Protein chains: 2
Amino acid sequence: MRAHELWNRGLHGRGYRLTIPRKAILEVLSNSDDHLSAEDIYIMVHGLYPTIGLTTVYRTLDLLVQMGVVYKFDFGDGRARYELMDHFSKKAHHHHLICTSCKTIIDYDDFLDEELDLIHKTENALSNRHNFEIKGHTMQFYGLCDKCSKRF
Amino acid sequence: MRAHELWNRGLHGRGYRLTIPRKAILEVLSNSDDHLSAEDIYIMVHGLYPTIGLTTVYRTLDLLVQMGVVYKFDFGDGRARYELMDHFSKKAHHHHLICTSCKTIIDYDDFLDEELDLIHKTENALSNRHNFEIKGHTMQFYGLCDKCSKRF
DNA sequence: CTAACTGCAAATTCTTTGCATTAGT
DNA sequence: ACTAATGCAAAGAATTTGCAGTTAG
């Protein structure tokens, strides 16, 4: 499995170790498409290995974010969400439509053809201009959903 | 001034009241281009009206977010940032390039020509497809900056 | 007048830290 | 063996809530 392989390598490269908790946490992330909170992940991991604590989940997630393996999102509900980066994920894009009033999140993936094209172009342009090694992206549109829009 | 006008209307429409603190907080947001934290805003507002408390700043920001007048961002440093929505802001776009390792944020606005075009198209398409009243958007690219990229 | 709004202090909630113990390599 | 990693309990920090007094409409 790709992500595991690369994570393993990345860990060693930095002098870090591959442990049971770390394997389990990546496993859980790999098998989920949703935006998981640290606690969600903790519950799932804890189901598999009851000795693993919440602290370790947080510490491992930090590491994964630092290494560019997972995204850390915040949709404004006061708890962070985590999801595998493009490269490792079944999902190549993370585009959201968010209602600022009721906080509904629509995870859309019915892109316009040009949308994908443009993202790659932009990615390349930015990569060159700012000397960045780009690993993924996120796009969110904010507004009022049907219901909330009608409420006023 | 546009934002004030619309906010005023929006408040009344919901049975809310236009108060000194609310005016002051919108004022501060209008006169700033940066990503302000609740505390930043509190300090500025407090400078103008020393009686206004932090709680009110939080409550007002919630309201502004709900009503789609301001964005609430979270860049992962554990404190939310607020900024006027496109329509009201000098800046029409909020595009960021973020280093997942050192957390540097580049606020780029040297867009490709097509980038703007496409965003409007996408906005329209989404608006129709999902019956959303879109007020703004955000786009972020994640990766490793020059320095961090070289560190491994 | 009346209900919405406010400030303060206390309470919550998510996340981080300190430290003694355990476990990769 | 040598250190990194872990779990627990406690600490920390941003945000929220309860409540009695204040103010907009």
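Attention here is on the structure that accompanies the text. Not measured: the values here are computed from a predicted model.

### Here's the deal with the overall build of chain A
Okay, so step 1: Summing up its helical and strand segments, chain A has six helices and six strands in all.
Okay, so step 2: What you see in chain A, going N to C, is helices and strands ordered as α-α-β-α-α-β-β-β-β-α-β-α.
Okay, so step 3: By its C-alpha atoms, chain A is 50 × 40 × 25 Å across when sized along the principal axes.
Okay, so step 4: Per-residue burial over chain A gives 48% buried out of 152 residues.

### Topic: the relation of the copies chain A and chain B
Okay, so step 1: When chain A is fitted to chain B, the residual RMSD is 0.4 Å, and the transformation amounts to a turn of 179° plus an axial shift of 0.0 Å. Such a combination of rotation and displacement between the chain copies is what one expects of a two-fold axis. Within chain A, the C-alpha atom positioned nearest to the axis of rotation is that of M139 of chain A, 2.2 Å from it.
Okay, so step 2: Interface residue correspondence from chain A to chain B reaches 100%, placing this contact among same-surface, isologous pairings.

### Quick look at the layout of surface pockets
Picture a little ball the size of a water molecule; that probe, rolled over the atoms, points out where space is still empty.
Okay, so step 1: If you add up the space inside the largest pocket, you get close to 370 Å³.
Okay, so step 2: Considering the residues around the largest pocket, the lining is formed by 17 residues, among which L144 of chain A together with R14, M67, E133 and K135 of chain B are closest to the centre.
Okay, so step 3: Put simply, the parts of the chain that give the lining of the largest pocket at least two residues each are α1 (2-13) and β6 (133-144) of chain B.
Okay, so step 4: Broken down by element, the residue count for the lining of the largest pocket peaks at five residues, all from α1 of chain B.
Okay, so step 5: Among the residues making up the lining of the largest pocket, the classes are represented as eight nonpolar, five polar and four charged.

### Overview of the packing of aromatic side chains
Okay, so step 1: Under the counting rule described, the total for this entry stands at five aromatic pairs over all chains.
Okay, so step 2: Ring geometry for Y71 of chain A versus Y142 of chain B: centroids 5.2 Å apart, planes at 80°, classification edge-to-face. With Y71 of chain A in strand β2 (residues 70-73) and Y142 of chain B in strand β6, this residue pair bridges two chains.
Okay, so step 3: By relative accessible area, Y142 of chain B is classed as buried at 9%.
Okay, so step 4: With a centroid separation of 5.4 Å and an interplanar angle of 25°, the aromatic rings of Y71 of chain B and F73 of chain B are classed as stacked. Take Y71 of chain B and F73 of chain B: they sit in the same class, and that class is buried.
Okay, so step 5: Clustering of aromatic rings is evident, with ring pairs tying together Y71, F73 and F75 of chain A together with Y142 of chain B.

### Some points on the protein's contact with DNA strand C
Okay, so step 1: Among the 22 residues in the neighbourhood of DNA strand C, the closest are listed as Y58 and R79 of chain A together with R22, I52 and T56 of chain B.
Okay, so step 2: When atoms of DNA strand C within 4 Å of the protein are sorted by moiety, sugar and phosphate together comprise 65%.
Okay, so step 3: Contacts to DNA strand C include R22 of chain B, whose side-chain N or O atom sits 2.6 Å from a phosphate oxygen.
Okay, so step 4: T51 of chain B is positioned with one of its backbone polar atoms (N or O) 2.9 Å from a phosphate oxygen of DNA strand C.
Okay, so step 5: Secondary structure elements with two or more residues in the surface near DNA strand C: α4 (54-66) of chain A together with α2 (20-30) and α4 (54-66) of chain B.
Okay, so step 6: Its residues assigned to classes, the surface near DNA strand C shows seven nonpolar, nine polar and six charged.

### Section: empty space enclosed by the protein
Okay, so step 1: Tallying each qualifying case throughout the model produces four cavities of 30 Å³ or more.
Okay, so step 2: Surrounding the largest cavity, 17 residues form its lining, V65 and K72 of chain A together with F75, G76 and Y142 of chain B being those nearest its centre.
Okay, so step 3: Ranked by the residues each element gives to the lining of the largest cavity, the list is headed by β2 of chain A, at four residues.
Okay, so step 4: Each residue belonging to the lining of the largest cavity can be placed in one class, and the counts come to 10 nonpolar, three polar and four charged.

### Some details on the pattern of salt bridges
Residue and element names in this part refer to chain A.
Okay, so step 1: Inspection of every chain in the model, using the stated rule, returns seven salt bridges over all chains.
Okay, so step 2: Close ionic contact of R79 with E39 constitutes a salt bridge, the shortest N to O distance being 3.7 Å. In this pair, R79 sits in the loop between β2 and β3 (81-84) while E39 sits in helix α3 (residues 38-48), placing the two residues 40 residues apart along the sequence.
Okay, so step 3: In this structure R79 comes out as partly exposed when scored by relative accessible area, which is 40%.
Okay, so step 4: On the accessibility criterion, E39 (42% relative accessible area) is partly exposed.

### Some words on the interface of chain A and chain B
Okay, so step 1: Between chain A and chain B, the contact holds 48 residues from the first and 48 residues from the second.
Okay, so step 2: Regarding the contact of chain A and chain B, the summed buried area is about 4,600 Å², with carbon and sulfur atoms giving 62% of it.
Okay, so step 3: Across the contact surface, chain A and chain B share zero salt bridges.
Okay, so step 4: For the pair chain A and chain B, the interface holds 16 residue pairs in polar contact (both at pLDDT 80 or more).
Okay, so step 5: Of all the elements in the fold, those that place two or more residues in the side of chain A that touches chain B are α4, β2, β4 (95-99), β5 (105-108), α5 (113-130), β6 (133-144) and α6 (146-150) of chain A.
Okay, so step 6: For the side of chain A that touches chain B, the element with the highest residue contribution is β6 of chain A, accounting for 12 residues.
Okay, so step 7: Of the residues contributing to the side of chain A that touches chain B, the split by class is 21 nonpolar, 14 polar and 13 charged.
Okay, so step 8: In terms of strand pairing, β6 of chain A meets β6 of chain B through 11 bridges, oriented antiparallel. When the sheet's bridge partners are listed, H137 of chain A is paired in β6 of chain B with F141 of chain B.

What counts as what
- Residues numbered from 1 in each chain as written.
- Chains lettered and ligands numbered in written order.
- Predicted model: local features only at pLDDT ≥ 70, side-chain atom pairs only at ≥ 80, totals over all residues.
- Heavy atoms only, no water.
- Helix = DSSP H or I, 4+ residues; strand = E, 2+ residues; numbered from the N terminus.
- Buried < 20%, exposed > 50% of the residue type's maximum accessible area, 1.4 Å probe, protein only.
- Least-squares fit on C-alpha atoms with pLDDT ≥ 70 in both.
- Contact = heavy atoms within 4.5 Å.
- 1 Å grid on protein atoms, 1.4 Å probe; cavity = no way out; pocket = protein on both sides within 12 Å on 5 of 7 lines; lining within 4 Å.
- Points joined across faces, edges and corners; volume = space filled by probe spheres on them.
- Nonpolar A, V, L, I, M, F, W, Y, C, P; charged D, E, K, R; others polar.
- Phe/Tyr/Trp six-rings, centres within 6.5 Å; stacked < 30°, edge-to-face > 60°.
- Near = heavy atom within 4 Å.
- Polar contact = N/O pair within 3.5 Å; in protein donor to acceptor, adjacent residues only side chain to side chain.
- Salt bridge = Lys/Arg side-chain N within 4 Å of Asp/Glu carboxyl O.
- Buried area = accessible area lost by both parts, 1.4 Å probe.
- Pairing = 2+ DSSP bridges.

Keep in mind these values describe shape, not function.
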